[in-house]
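Summary of structural features
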Amino acid sequence: MHDAHQLLGLQPGATRPQIKRAFRHLAMRWHPDRNADPHAVEHFKALRQAHDALLAALLDGESGIEPARPDAAEEEAPPARGADRAQTLEISVEEAFLGAVKDVCVRSPQPCSQCGGSGLERFSVSRLCEPCRGSGRLRSENGLVRCNACEGRGYSHTRACACCGGSGEEQAERWLQVQVPPGMTDDDELRLAGEGEPHADPAHAPGDLRLRIRLAPHALFRRDGRNLLLQRPVSALRMLIGGPLPIPHPAGPRTVLLEPGLAHPREMRVEAAGFPARGSRPAGDLIVELVPMLPQAPDARLRALIEQLELELRTEADKHFPELAQWESDWLAD
Ligand SMILES: [Zn+2]
Ligand SMILES: [Zn+2]
């Protein structure tokens with residue numbers, strides 16, 4: 001504990017506000033975003049640890065009976081954080097089912113590496129000011145005005161940094177590995193604590209990174225709420241007699257049992273085989289839209305088989321082709 005006090009430049013027995021103030025002050029100087037010293041990261045970490053340890057020790061001491069804390073009035077409101085950053089993260093339907101680890105690129109401004117954030121490039125010897133060509137004055141709507149670039153001197157020993165255009169900032173890219181849990185779909189949000197914008201005061205935590213999920217379009221699968229839809233062509237004959245039917249699925253192919261029925265386009269529903277449950281939302285259903293297909297290009301052998309089948313069906317036309325039988329009795333009967 002002695003080290004922690006020393007690190008923050010505090011006397012033993014420092015109060016909570018004193019500890020916080022000392023940390024804030026030092027953190028401004030040592031925050032790695034502001035301090036290029038290679039030891040800054042380590043030192044900043046040590047400062048934060050000292051700060052946390054001292055506050056934790058205070059809390060232990062306070063858990064006894066202490067009627068009124070003298071510094072209660074100085075206590076800060078919940079700590080302010082930096083702004084949140086919002087980005088879109090596209091995932092495939094397969095990833096929505098199985099979860100995924102995605103690489104996410106975060107671009108954020110950081111001090112220009114060329115000028116160290118000053119936005120200025122320094123000359124070793126003064127040069128004639130470029131904008132005013134040494135006159136110290138510039139023509140404007142109001143006549144001649146003082147040149148700001150050289151403050152009217154006509155010469156200058158700096159100019160805007162060519163690397164950052166004088167802004168003092170450059171865009172730094174950071175890559176994050178993000179774990180996407182199964183069951184995320186369009187407009188769901190993943191929140192990564194502390195990966196948002198830094199607070200102006202480095203003693204405060206940065207904001208969060210909010211990743212809005214977007215489902216990439218898929219050639220086969222569609223989404224309706226948490227239901228998963230797909231069209232499946234099926235032999236019209238198979239639709240009549242039913243049987244096992246293999247179905248592609250984002251989590252791997254599966255076989256479902258097709259009920260015998262009409263060879264008309266119809267839907268088949270597999271409960272809870274849609275988008276996985278997430279939080280309070282239950283899993284959706286898998287909806288297979290069956291599209292009947294009639295055989296094409298029969299050869300001689302197949303023609304014979306179909307001929308046989310057709311005759312067989314004709315013998316009980318009332319049962320097998322009720323509409324057809326009705327039509328024929330209406331229009332062809334003697
Ligand atoms: Zn000038
Ligand atoms: Zn620069």
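Residues numbered from 1 in each chain as written. Chains lettered and ligands numbered in written order. Predicted model: local features only at pLDDT ≥ 70, side-chain atom pairs only at ≥ 80, totals over all residues.

Further remarks concern the nonpolar core. Judged by nonpolar contacts, the single largest core of 18 residues is most densely connected at Ile91, Val93, Ala96, Met184, Leu215, Leu228 and Leu286. Elements supplying a minimum of two residues to this core: β1 (85-91), α4 (93-98), β9 (209-215) and β15 (286-293). (Core = buried A, V, L, I, M, F, W, Y, C linked by C-beta atoms within 7 Å. Buried ≥ 20, exposed ≤ 12 C-beta atoms within 10 Å, placed from the backbone. Helix = DSSP H or I, 4+ residues; strand = E, 2+ residues; numbered from the N terminus.)

Right, let's talk about the domain arrangement of the chain for a bit. Accessible area lost during the coming together of the parts is what is often quoted as the interface size. Here the chain is described as being made up of domain 1 (2-60), domain 2 (80-106 + 174-217), domain 3 (222-293) and domain 4 (300-331). With centres defined by C-alpha atoms, the gap from domain 1 to domain 2 works out at 30 Å. Listed as interface residues are 7 residues of domain 1 and, on the opposing side, 4 residues of domain 2. (Domains from an automatic or database assignment. Contact = placed C-beta atoms within 7 Å.)

Another point: the sheet that holds β9. Strand order in the open sheet formed by 3 strands is β1-β9-β8, and the pairing between neighbours is mixed. This sheet does not close on itself; its edge strands, each paired only once, are β1 and β8 (189-192). The mean angle between the axes of side-by-side strands here comes to 30°, regardless of whether they run parallel or antiparallel. Of the strand pairs in this sheet, β8 and β9 are connected by 4 bridges, and their pairing is antiparallel. (Pairing = 2+ DSSP bridges. Axes fitted to C-alpha atoms, helices over the stretch in contact; angles between N-to-C directions.)

With that settled, consider the pairing of β15. Pairing analysis gives 8 bridges linking strand β11 (residues 227-235) to β15, with the strands arranged parallel. Along β15, the bridge assignment pairs Gln231 with Glu289. Strand direction decides the pairing type here: strand β14 (residues 266-270) and β15, joined by 5 bridges, are antiparallel. Counterpart to Glu267 in the pairing with β15 is Glu289.

Here the focus is the sheet that holds strand β10 (residues 222-224). Picture the strands of a sheet paired through backbone hydrogen bonds; they go either parallel or antiparallel. Within the open sheet, the 4 strands sit side by side as β10-β11-β15-β14. Their pairing is mixed. Strands at the two margins of the open sheet, each flanked by one partner only, are β10 and β14. Put simply, the sheet's adjacent strands are angled 35° from each other on average, direction ignored.

Here helix α6 (residues 300-315) spans 23 Å end to end across 16 residues, near enough to the 22 Å set by a 1.5 Å rise per residue. Little of α6 sits inside the fold, with 0 of its 16 residues counted as buried. (Expected span 1.5 Å × (residues − 1).)

In this structure, Arg210 sits in strand β9. Residues Arg210 and Gly196, 14 residues apart in the sequence, show an inter-C-alpha distance of 7.9 Å. Sequence-distant contacts of Arg210, that is, excluding residues within four places in its chain, are made with Asp84, Arg85, Ala86, Glu189 and Arg191.

Residue placement: Leu54 occurs in helix α3 (residues 40-62). Residues Leu54 and Ala14 lie 40 residues apart in sequence; the distance between their C-alpha atoms is 8.9 Å. Beyond its immediate sequence surroundings of up to four residues, Leu54 is in contact with Ala4 and Ile19.

Before going further, it helps to spend a moment on the confidence of the model for the chain. Chain-level pLDDT for the chain is 87 on average; 92% of the residues reach the 70-or-more range. In this model, residues 64-70 is a region of pLDDT below 50 whose contacts with residues beyond four sequence positions or in other chains number 1 contact. (pLDDT = per-residue confidence, 0-100.)

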